[in-house]
Amino acid sequence: MEMPAPDARILSRKAQVVQRLLTVLPKDAVIHEEAETRAYECDALTAYRCPPMVAVLPSNTQEVSDVLRICHQEGVPVVPRGSGTSLAGGALPTADCVILGVARLNDVLETDYDNRIIKVQSGRTNLSVTGAVEEEDFFYAPDPSSQLACAIAGNIAMNSGGAHCLKYGVTTNNLLGVTMVMMDGTVVEVGGAHLDAPGLDLLGIICGSEGQLGVVTEATLRILHKPEGARPVLMGFDDNEVAGACVADIIKAGVLPVAIEFMDRPCIEATEKFAKAGYPDCEALLIVEVEGSDAEIDEQLSVIMDIARSHNPVELRESKSPMESAAIWKGRKSAFGAMGQINDYMCLDGTIPVSQLPFVLRRIGEMSKEYGLKVGNVFHAGDGNMHPLILFDANKPGDLELCEAFGADILKLCVEVGGCLTGEHGVGIEKRDLMFDQFNPEDMEAQLKIKDVFDPQWLLNPAKVFPLSVTETRRTPIAAE
Amino acid sequence: MMTLQPRSESDLSEAVASAYAAKTPLEIVGGGTRRTLGGPVQAADTLSTAGLSGITLYEPGALTIVAQAGTPLAEVEAALKAENQRLPFEPMDHRALLGTEGEPTIGGVVAANVSGPRRFQVGACRDSLIGVRYVDGQGTAIKNGGRVMKNVTGYDIVKLMAGSYGTLGVLSEVSFKVLPDTAHSSVLLFEGLSDVDAVACMCAAMATPYEVSGAAHLPVGMDGAPVTMLRLEGFEKSVAYRAGELAKALAHFGTPKVESDPDKTAAGWRYIRDVEAFAGQPGDVWRVSVKPTDGPKVAAAVGAQGVVYDWSGGLVWLLVGEGTDIRPALAGIAGHATLIRASASTRAAIPAFHPEAAPLAKVTAGLRAQFDPAGILNPGRMG
């Protein structure tokens, strides 16, 4: 993984940059000692690390604006950082950058149940958004696995999803407005508590732009009333293909489950060993959850279970109590941890058309043998968002590279069958060099031109998303003389 | 005056590339039923997408449909209906309101980001749109997104294209996430509520777990009296249960009548969706988007001849005297107002789309210059 060489001219002016930042931020919000900047050297893609030149922790929109204005004037690249949970390296610094962390921006600014919105500062964690409205039985729907830690800022940057997006959509479908600071320090308001854009849908392009178009400091989010209840059913099949057909039949039947989760044999075995959830010994396992009142759940589950029966499941288990529901979810929720017990792993995030599921799983199995690396699959089957977990040994020379090559082959396969490189984690640096497998040069250029408009000097998170070769001329250092 | 009608995306590329080389502005037309939305287009030549027609892929088990931009909307809806599925966002038919003729196309729906009453529950057209192919203002064919419903690979140009009224590119193909059609629908009808009480009633309904998929209020209903409509959809038993629970929860707003006749409920929501109340009525039509509780404030501030509330009060349709600019009256209420129906001279005098704050207007202008450097795509339509 290549990152651009740090600009010596910027590094030589570190003292001056720090000095200027200290004029707009409190002393404890400017981190520049080498021992301390190390805390920001990586995100959740820990294989790659590089301490930034400086890290700043502003507390409000004005401070963010001041920081960006100074960095803009000084020609210093800025890497925005939410909670640092990116699996794609979205918050990986370069040695000549300023990390702009939003962790201190964590207030709730407004809750409005009549209009079903909450306005928060962007450093607030995903789960604590729900926490702020729970007492009125409301919740914020997007629920990435890292929701305890991840920040709304990062969710917006990556357009994060979660297990329940089949019904509730992803971040972009639940985001109504943002306060955003442009690279030159200009503060803009996009959207608000109302729906739809007055002109071009700028909010739509900001969401998912991986911190390359601006720094979001406040967000207006859609909140929903909680369902009366939810209940899962677990089904085991002795063939991936049959499980895939069952998913398609459930969807075709007109039932819209809130989640359809899929685990394959390697993953089932690992989680059984780790969590002892009592999962059946089978090739493929589905957890299907529906919502509503007890009677509504009964009605939907009876349709779903009839469909499951028609596919001869080796096991069909309907939850009868909250305890049984928890047991069904226990293995799924500990799947990543269970795989991590066996070895280091790399988690992929490609999406495929649901109809290609059996073929893709078979090919991944074959490739696993070719590469000599084990892989388990656990994913959101309803929307085709796969999460193959490739096991490798970080201490074994060459294993990480082998794992990355295997991962790249799986993602290329996802694209070949009509899917994409990343469904919810983002491109970051991890998938940056695979972008040409998804887009031709013209498709890519159309995207680069958008960044040219928002950030003409390419100072915001410049080394991410696009292959370095295509962004090089745009990133040419423009350090102030 | 010339009409270009390309038969393939490569023809379309060539046509736009020639126009770019000659700096010839083009009016982009699908079915022509929404041609008067936005400002008057300053172009002598027309580019029609009617030749780009047909569903290219439909996988009911994956909830995905892909169609060429000129495909009639009716064809897409019929294909979905045959598999008990639908476009979730319930696109409005503008023909009666605008007095236009023709067949709406799926590309036109996307270009104008057309949605209906269900928008406040399941999102707008842009929320169901998962992929686009388009030709930019230099004739280059571009793809973004694809046919899978979760995709964060690169920037989401898909969203930007929805509602860009052909000013960023000419759509050649669009992909959607679709949803199961619902077996059953019931509507709770509350009579005689004031605008403020009606919005309170709708907001209270949305603050329940009963999944209300339509919330509209007519200050003057079909029989002349105010009526507030709340829609529930799903399996029959579930709808009946939720109708009962919702009526209990909203008892302080009165005892609602429950209408479950499929034809009557469909007609009622079509009336709201297509703003039939203003069809054929003299006057200009505005569409105002605000937070729901500000809806009645909008109506009061404007003092309109006719008002229709949708989206729990967040979408306010107003019928006003010809040539009235309602925006000054709405100063201080957050949101935006779009002029939907007016004479060409009014549309030339009053911007159809709400003017943006200066820094955003600069971004918008910058994006348009990047996508369409010669300014040949629908010039004038979005200003």
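As the structure is a computational prediction, the values presented were derived from the model and not from experiment.

Caption draft 1: Inspection of the overall build of chain A at higher detail. Along chain A, the regular secondary structure elements total 19 helices and 18 strands. Whereas a compact globule of 481 residues would reach a radius of gyration of roughly 23 Å, chain A reaches 23 Å, a difference of no more than 12%. Dimensions of chain A, computed from the C-alpha atoms along their principal axes, are close to 70 × 55 × 40 Å. Counting every position in chain A, which comprises 481 residues, the buried fraction comes to 62%.

Caption draft 2: Layout of the overall build of chain B. Helix and strand counts for chain B come out as 13 helices and 18 strands. Excluding contacts between residues fewer than 6 apart, the proportion of contacts in chain B whose partners are at least 24 apart in sequence is 71%. In the structure as shown, chain B presents an accessible area of about 13,100 Å², 53% of it carried by carbon and sulfur atoms. Averaged over its 33 positive side-chain charges, chain B has a centre that lies 4 Å from the centre of its 38 negative ones.

Caption draft 3: Highlighting empty space enclosed by the protein. Residue and element names in this part refer to chain B. Overall, the coordinates contain four cavities of 30 Å³ or more when judged by the stated rule. Of the volumes computed, that of the largest cavity is approximately 330 Å³. Ile-28, Val-29, Gly-30, Gly-108 and Ala-111 are the residues nearest the centre of the largest cavity, which is lined by 26 residues in total. Every element with two or more residues in the lining of the largest cavity is listed here: strand E2 (26–29), helix H4 (106–111) and strand E9 (170–177). The element that contributes the greatest number of residues to the lining of the largest cavity is H4, accounting for three residues. When grouped by side-chain class, the residues that make up the lining of the largest cavity number ten nonpolar, twelve polar and four charged. Its residues assigned to classes, the lining of the second largest cavity comprises eight nonpolar, four polar and four charged.

Caption draft 4: Expanded view of the domain arrangement of chain A. Residue and element names in this part refer to chain A. In terms of domain boundaries, chain A breaks down into domain 1 (1–226), domain 2 (230–335) and domain 3 (343–433). Taking the mean C-alpha position of each, domain 1 and domain 2 sit 36 Å from one another. Each partner contributes residues to the interface: domain 1 has five residues there, and domain 2 has eight residues. Taken over both partners, the interface formed by domain 1 and domain 2 buries close to 620 Å², and the fraction arising from carbon and sulfur atoms is 60%. In this structure, the salt-bridge partner of Glu-291 is Lys-167, at a minimum N-O distance of 2.9 Å. Between the two partners, domain 1 and domain 2, sit two residue pairs in polar contact (both at pLDDT 80 or more). By residue class, the composition of the side of domain 1 that touches domain 2 is three nonpolar, one polar and one charged.

Caption draft 5: Representation of the domain arrangement of chain B within the structure. Residue and element names in this part refer to chain B. Structurally, chain B comprises domain 1 (3–180), domain 2 (184–273) and domain 3 (276–349). Inter-centroid distance (C-alpha atoms) of domain 1 to domain 3 is 26 Å. Between domain 1 and domain 3, the residue contacts involve 13 residues of the former and 13 residues of the latter. When domain 1 packs against domain 3, the two sides together hide about 1,100 Å² of surface, and 68% of this comes from carbon and sulfur. When the area that domain 1 buries against domain 3 is broken down by residue, the three leading residues are Pro-40, Leu-97 and Phe-120, summing to 43%. At the junction of domain 1 and domain 3, the tally comes to zero salt bridges. One can count four residue pairs in polar contact (both at pLDDT 80 or more) joining domain 1 with domain 3.

Caption draft 6: Summary view of the nonpolar core. Within the largest apolar cluster, 193 residues are counted, with the highest numbers of intra-cluster contacts made by A:Phe454, B:Phe176 and B:Leu230. Among the elements that line this core, the one with the most residues is helix H16 (residues 399–416) of chain A, at eight residues. Of all hydrophobic cores here, the second largest spans 34 residues; its members include A:Val30, A:Leu68, A:Cys97 and A:Leu459.

Caption draft 7: Seen up close, the interface of chain A and chain B. Taken together, the contact pairs 90 residues of chain A with 76 residues of chain B. Summed over both partners, the interface of chain A with chain B comes to about 6,600 Å²; 60% of that surface belongs to carbon and sulfur atoms. At the junction of chain A and chain B, the tally comes to eight salt bridges. On inspection of chain A and its partner chain B, the count reaches 26 residue pairs in polar contact (both at pLDDT 80 or more). Ranked by residues supplied to the side of chain A that touches chain B, first place goes to helix H18 (residues 441–454) of chain A with ten residues. Each residue belonging to the side of chain A that touches chain B can be placed in one class, and the counts come to 38 nonpolar, 30 polar and 22 charged.

Caption draft 8: Layout of the pairing of strand E16 (residues 306–310) of chain B. All names here are of chain B. Most of E16 sits inside the fold, with five of its five residues counted as buried. Here five bridges tie E16 to strand E17 (residues 315–320), and the two strands are oriented antiparallel to one another. Along E17, the bridge assignment pairs Tyr-309 with Val-316. Between the antiparallel neighbours E16 and E17 lie four residues, among them Trp-311 with a positive phi of about 50°.

Caption draft 9: Broad picture of the pattern of salt bridges. Under the counting rule described, the total for this entry stands at 51 salt bridges over all chains. The shortest N-O distance in the salt bridge between A:Asp294 and A:Arg231 comes to 3.5 Å. Pair noted here: A:Asp294 is in helix H12 (residues 294–309) and A:Arg231 is in strand E12 (residues 230–237), with a separation of 63 residues, a long-range link. Taking the relative accessible area as the measure of exposure, A:Asp294 reaches 57% and is therefore exposed. As a salt-bridge pair, B:Asp181 and B:Lys81 come within 3.1 Å of each other at their nearest N and O atoms.

Caption draft 10: Spotlight on the pairing of strand E8 (residues 141–145) of chain B. Residue and element names in this part refer to chain B. As paired elements, strand E7 (residues 129–135) and E8 share five bridges and run antiparallel to each other. Each residue of the ladder has a partner; that of Arg-133, found in E8, is Lys-143. Connecting E7 to the antiparallel partner E8 that follows it, the hairpin turn spans five residues, and Gly-139 within it adopts a positive phi of roughly 95°.

Caption draft 11: Quick peek at the sheet that holds E9(B). Pairing is antiparallel in the open sheet, where five strands are placed in the order E4-E5-E9-E7-E8 (chain B). The outermost strands of the open sheet, each flanked by one partner alone, are strand E4 (55–59) and E8 of chain B. Mean inter-strand twist for the sheet, computed between neighbouring axes without regard to direction, equals 10°. Bridge analysis of E4(B) against strand E5 (residues 64–68) of chain B gives four bridges, and the strand direction is antiparallel. Note on E5(B): the bridge partner recorded for B:Leu57 is B:Val66. On the sheet, H18(A) packs against E7 and E8 of chain B and is oriented at approximately 70° with respect to E8(B). With respect to the sheet, helix H2 (residues 73–82) of chain B is in contact with E4 and E5 of chain B, its orientation differing from that of E4(B) by roughly 25°.

Caption draft 12: Broad picture of the sheet that holds E2(B). Residue and element names in this part refer to chain B. Strand order in the open sheet formed by three strands is E1-E3-E2, with parallel pairing between adjacent strands. Edge positions in the sheet fall to strand E1 (3–4) and E2, since each has one partner strand and no second. Where E1 and strand E3 (residues 45–48) come together, two bridges link them in parallel fashion. Bridge pairing links Thr-3 to Thr-46 in E3.

Caption draft 13: Region of the structure containing unusual backbone geometry. Positive phi values are uncommon outside glycine, yet A:Arg116 reaches one of about 55°. When you line up the elements, A:Arg116 lands in the loop between strand E5 (108–112) and strand E6 (117–121). Residue A:Arg116 is classed as buried on the basis of its relative accessible area, which comes to 6%. With phi around 50°, B:Val275 is a residue other than glycine that occupies positive phi space. You can see B:Val275 is positioned in the loop between helix H10 (262–273) and strand E15 (284–290).

Reading the values: rules and limits
- Residues numbered from 1 in each chain as written.
- Chains lettered and ligands numbered in written order.
- Predicted model: local features only at pLDDT ≥ 70, side-chain atom pairs only at ≥ 80, totals over all residues.
- Heavy atoms only, no water.
- Helix = DSSP H or I, 4+ residues; strand = E, 2+ residues; numbered from the N terminus.
- Rg over C-alpha atoms; globule rule 2.2 N^0.38 Å.
- Buried < 20%, exposed > 50% of the residue type's maximum accessible area, 1.4 Å probe, protein only.
- Contact = heavy atoms within 4.5 Å.
- Areas by Shrake-Rupley, 256 points an atom, 1.4 Å probe, with all protein chains shown as cover.
- Lys, Arg positive; Asp, Glu negative; His and termini not counted.
- Charge placed at Lys NZ, Arg CZ, Asp CG, Glu CD.
- 1 Å grid on protein atoms, 1.4 Å probe; cavity = no way out; pocket = protein on both sides within 12 Å on 5 of 7 lines; lining within 4 Å.
- Points joined across faces, edges and corners; volume = space filled by probe spheres on them.
- Nonpolar A, V, L, I, M, F, W, Y, C, P; charged D, E, K, R; others polar.
- Domains from an automatic or database assignment.
- Buried area = accessible area lost by both parts, 1.4 Å probe.
- Salt bridge = Lys/Arg side-chain N within 4 Å of Asp/Glu carboxyl O.
- Polar contact = N/O pair within 3.5 Å; in protein donor to acceptor, adjacent residues only side chain to side chain.
- Core = buried A, V, L, I, M, F, W, Y, C linked by side-chain atoms within 4.5 Å.
- Pairing = 2+ DSSP bridges.
- Axes fitted to C-alpha atoms, helices over the stretch in contact; angles between N-to-C directions.

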